[in-house]
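# Coordinate analysis (summary)
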Amino acid sequence: MVDTGALVGGKRVKNGQTSLAPSPGMTLAESLRQKLEGAIAAGHLEPGSRLDEQEIAQRFGVSRTPVREAFRLMAANNLVELRGRQGATVRSIKAQALIEMFQVMAELEGLCARLAARRVSQAWGAEIGKIHQRLVAAGETGDIDVFYDINQEFHEAIYEASRNTFLADQTRKLRNQVAAYRRRVTRMPNRIADTVREHEAIMQAILAHDPERAHSAMRDHVNLLGDNLLDFLAAFE
């Protein structure tokens, strides 16, 4: 069982009760859902991990009612499965379904990159460049966890640069569903170097305001193609 209470906003905290105050405009259950979804998106909660209702309630200093509601909200987003008395578990995805989800993810992220190339401001383009430089530095250290987190920041910056809130929200929802598996892809041999190179191509296309090139570069970056697909399927087993 995963120590969910020790994961708040993707960061480790000391064991013990963690006070959870609702975010502005959100209920307690929605704030708790946000924390748990963040842990899933960061890869800290692996597929098949059991979420213990009582433990989470104790850790965050809440009753079981908002925990149950948070589980229901996460189930509606296909992030967890509710199994009656067995409680909630982080959803596991079969290989064929996962490949299909990556294909859709590639098109969504490709569209984000296309719109970003048309709409990105000079200031936000500079921010994307700064994130990329941090990614390069993280790749040189070989720290996969840090690299993965900055990688997420890079993609998030492009969602924002698309200036399409609905598209960004839908892309995040699907990203969260496949997040743990995207982390597995990051751990594949040579993937860090490939990611840095592919991000460079995406960034340059966006900064050059070239929508077609940005879409193509992002789509190929996210999709599982050729040898990458075969390697992933081998690791998946």
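- The chain carries the name Transcriptional regulator in an unreviewed UniProt entry, which gives Bradyrhizobium nitroreducens as its organism.

### Describing the nonpolar core
- Residues Phe102, Ile128, Phe154, Ile158, Ile202 and Ile206 are the most contacted members of the largest nonpolar core, which totals 41 residues.
- Elements represented by at least two residues in this core include exactly α4 (95-119), α5 (122-141), α6 (144-161), α7 (165-186), α8 (191-207) and α9 (211-222).
- Ranked by residue count, the leading element in this core is α4, at 10 residues.
- The residues contacting Ile206, other than those within four sequence positions of it, are Ala113, Ala116, Ala117, Val120, Ile158 and Ala214.

### Looking at the pattern of salt bridges
- Enumeration over the complete set of coordinates arrives at 19 salt bridges.
- Between Asp52 and Arg50 there is a salt bridge, and its shortest N-O distance comes to 3.2 Å.
- A residue is classified by how much of its surface remains accessible, and Asp52, at 15% relative accessible area, is buried.
- Here Arg134 ties to Glu153 by a salt bridge, and the two come within 2.9 Å at their closest N and O atoms. With a gap of 19 residues between them, Arg134 in helix α5 and Glu153 in helix α6 connect regions that are remote in the sequence.
- Here Glu153 falls in the partly exposed class, since its relative accessible area comes to 33%.

### Description of helix α2 (residues 53-60)
- Taking burial as the measure, the eight residues of α2 include six buried ones, the bulk of the element.
- Among the residues making up α2, those that are buried are Glu53, Glu55, Ile56, Ala57, Arg59 and Phe60.
- One side-chain oxygen of the residue at the start of α2 lies 3.2 Å from the amide nitrogen of Gln54, identifying that residue as Asp52.

### Brief notes about the environment of Thr65
- Structurally, Thr65 is set in helix α3 (residues 64-76).
- The exposed category is assigned to Thr65, whose relative accessible area is 53%.

### What about the sheet that holds strand β3 (residues 50-51)?
- An order of β3-β5-β4 is seen for the three strands of this open sheet, with the pairing classed as antiparallel. At either margin of the open sheet sits one strand with a lone partner, and together these are β3 and β4 (80-82).
- Bridge count between β4 and strand β5 (residues 88-90): three bridges; the pairing is antiparallel. Counted as the bridge partner of Leu82 is Ala88 from β5.

### Focus: empty space enclosed by the protein
- Overall, the coordinates contain two cavities of 30 Å³ or more when judged by the stated rule.
- By volume, the largest cavity amounts to about 220 Å³.
- In terms of lining, the largest cavity is formed by 18 residues, of which the most central are Arg182, Val185, Arg191, His221 and Val222.
- Considering every element that reaches the lining of the largest cavity, the biggest residue donor is α6, with four residues.

Rules used in this analysis
- Residues numbered from 1 in each chain as written.
- Predicted model: local features only at pLDDT ≥ 70, side-chain atom pairs only at ≥ 80, totals over all residues.
- Heavy atoms only, no water.
- Core = buried A, V, L, I, M, F, W, Y, C linked by side-chain atoms within 4.5 Å.
- Buried < 20%, exposed > 50% of the residue type's maximum accessible area, 1.4 Å probe, protein only.
- Helix = DSSP H or I, 4+ residues; strand = E, 2+ residues; numbered from the N terminus.
- Contact = heavy atoms within 4.5 Å.
- Salt bridge = Lys/Arg side-chain N within 4 Å of Asp/Glu carboxyl O.
- Polar contact = N/O pair within 3.5 Å; in protein donor to acceptor, adjacent residues only side chain to side chain.
- Pairing = 2+ DSSP bridges.
- 1 Å grid on protein atoms, 1.4 Å probe; cavity = no way out; pocket = protein on both sides within 12 Å on 5 of 7 lines; lining within 4 Å.
- Points joined across faces, edges and corners; volume = space filled by probe spheres on them.

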